Structure formats: structure tokens, C-alpha cells
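Close look at the chain arrangement
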Amino acid sequence: MKKIVSVVTVLVALLMLAGCNAEPAGIPKYLDKECYYGKGIQDYTDYCKFFYNEETVKEFATLSDYKKVADSDIEEIKGYFEDFYGQAENQKYYDKVDFDYNTQVKQGDYFRIVTKDGYPEYGYYDIYYVDMTKCILYFVHSNI
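A brief report on the enclosed structure follows. (Residues numbered from 1 in each chain as written. Predicted model: local features only at pLDDT ≥ 70, side-chain atom pairs only at ≥ 80, totals over all residues. Heavy atoms only, no water.)

Thoughts on the packing of aromatic side chains
Put simply, the rule is: Working definition: a ring pair exists when centres of Phe, Tyr or Trp rings (six-membered ring for Trp) sit within 6.5 Å. Plane angles under 30 degrees give stacked, over 60 give edge-to-face, the rest tilted. Helix and strand definitions here come from DSSP, where helices need a minimum of 4 consecutive H or I residues and strands a minimum of 2 consecutive E residues; each element is numbered from the N-terminal end. Burial here depends on accessible area, computed with a 1.4 Å probe over protein chains only, as a share of the maximum for the residue type. Under 20% is buried, over 50% is exposed, and the range in between is partly exposed.
By the definition in use, this model includes 19 aromatic pairs. Relative to Tyr129, the ring of Phe81 lies with its centre 6.4 Å away and its plane at 85°, an arrangement referred to as edge-to-face. Of this pair, Phe81 sits in helix H2 (residues 74-88) while Tyr129 sits in strand S5 (residues 125-131), placing them 48 residues apart in sequence. By relative accessible area, Phe81 is classed as buried at 1%. Judged by relative accessible area, Tyr129 falls into the buried class, the value being 0%.

As C-alpha cells, this is what we get:
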């Protein structure tokens with residue numbers, strides 16, 4: 001019985017660790033990516049960039065989960081990135097985070113915000129931000 005419990009415990013731990021590095025679901029095929037993962041099993045932050053070209057980035061306009069950035073969305077989006085930067089300061093990859101939310105968040109780009117029920121504001125979120133000019137999808141995850 002102890003062996004079964006040990007094996008199940010190890011398998012669950014491996015699945016949890018693999019889940020931390022999973023790619024975001026529902027994004028179009030990209031040309032290349034850069035991903036940086038925070039340490040932790042339950043509390044961690046991630047930062048990824050997915051690179052597209054001028055044609056493939058247009059696919060985001062056809063996805064119903066993505067919304068075109070309007071003036072009324074800008075402060076909300078910036079709030080999440082500001083929180084993320086505060087969390088990412090303590091990560092080894094912090095010097096790789098090059099998304100400037102003060103200048104890059106603008107009308108005409110696309111975004112998606114996913115939060116989890118039962119958490120406070122900025123407690124658990126995935127932000128997908130598509131910079132149409134740079135043809136990059138920026139993805140950040142935080143559940144601190």
C-alpha cells in the first residue's frame with residue numbers, strides 16, 4: 001500500500017510541475033517563442049513571447065476569445081501588467097521582461113484576460129496581449 005501511495009504522489013507532483021510550463025491554449029500557430037517560467041508549484045509567474053508575421057498575427061482578429069483594445073480597456077490591461085511587473089521583480093528572468101505596458105498598450109491591438117473565481121483581484125490571471133505592430137503575443141501568468 002505504501003508503494004502505491006508513493007507512486008501516486010510522485011506522479012501527481014510530476015503532473016503539477018509539467019502543468020506550470022504548459023503553453024497557453026487556443027493561440028494560433030506561431031513562428032518562434034521565448035518563455036521564462038517562475039519557480040514554484042502553486043505560487044509562480046510566467047512570461048512568454050510568441051512571434052508571428054504580418055499575415056499570421058491577423059488570425060487573432062478572428063478568435064472570439066480575443067477583444068480589440070478600446071480606450072476603455074487600457075487602464076485595466078495596464079493594471080494587470082503593473083501587478084505582473086511587481087511579482088516578476090523577484091524572478092531570475094526579470095531582465096528578459098521587455099513589454100512596456102505604458103507605451104505598448106494601445107487601441108487596435110488584441111487582448112484576452114482570464115481570471116479564476118475565488119481569488120482576489122490580481123490573485124490569479126493569464127493575460128494575452130497581441131501587439132499587432134510588433135507581431136508578438138505577450139503572455140503572462142501570475143497566481144501569487
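A word on the state of the cysteines
Here a disulfide denotes one covalent bond, and it connects the sulfur atoms of two cysteines. Put simply, the test is: Pairs of cysteine sulfur atoms within 2.5 Å are identified as disulfides in what follows.
A complete count under the given rule lists one disulfide for this structure. Paired by a disulfide, Cys35 and Cys48 hold their sulfur atoms 2.4 Å apart. Its S-S torsion of about 125° marks the bond between Cys35 and Cys48 as right-handed, since a negative value means left-handed. Here Cys35 is found in strand S1 (residues 32-37), whereas its partner Cys48 is found in strand S2 (residues 45-51), with 13 residues between them in sequence.

With respect to unusual backbone geometry
Even without being a glycine, Tyr122 presents a positive backbone phi close to 65°. Relative to the assigned elements, Tyr122 resides in the loop between strand S4 (110-115) and S5. Judged by relative accessible area, Tyr122 falls into the partly exposed class, the value being 27%. The phi torsion at Cys135 lies on the positive side, around 60°, for a residue other than glycine. Positionally, Cys135 belongs in the loop between S5 and strand S6 (136-142). Classification of Cys135 as buried rests on a relative accessible area of 7%.

Focus on the environment of Phe99
As a reminder, the rule being used: By the convention used here, residues are in contact when the closest approach between their heavy atoms is within 4.5 Å.
Relative to the helices and strands, Phe99 is located in the loop between H2 and helix H3 (101-104). Counting along the chain gives 14 residues from Phe99 to Tyr85, while the straight-line C-alpha distance between them is 9.6 Å. Not counting the four nearest positions on each side in its chain, Phe99 is found in contact with Tyr47, Phe81, Tyr85, Gln104, Val105, Tyr129 and Tyr138.

Quick look at the nonpolar core
The line we're drawing: For this analysis, a nonpolar core means a set of buried residues of the types Ala, Val, Leu, Ile, Met, Phe, Trp, Tyr and Cys, connected via side-chain atoms within 4.5 Å.
Counting 22 residues, the largest nonpolar core has Tyr47, Phe81, Phe84, Phe99 and Tyr129 as the members making the most contacts within it. At the level of elements, H2, S5 and S6 are the ones that each hand at least two residues to this core. No other element matches the seven residues that H2 contributes to this core. Ile27, Val57, Tyr66 and Phe139 belong to the second largest nonpolar core, which has 13 residues in total.

Structural measurements only, silent on function.
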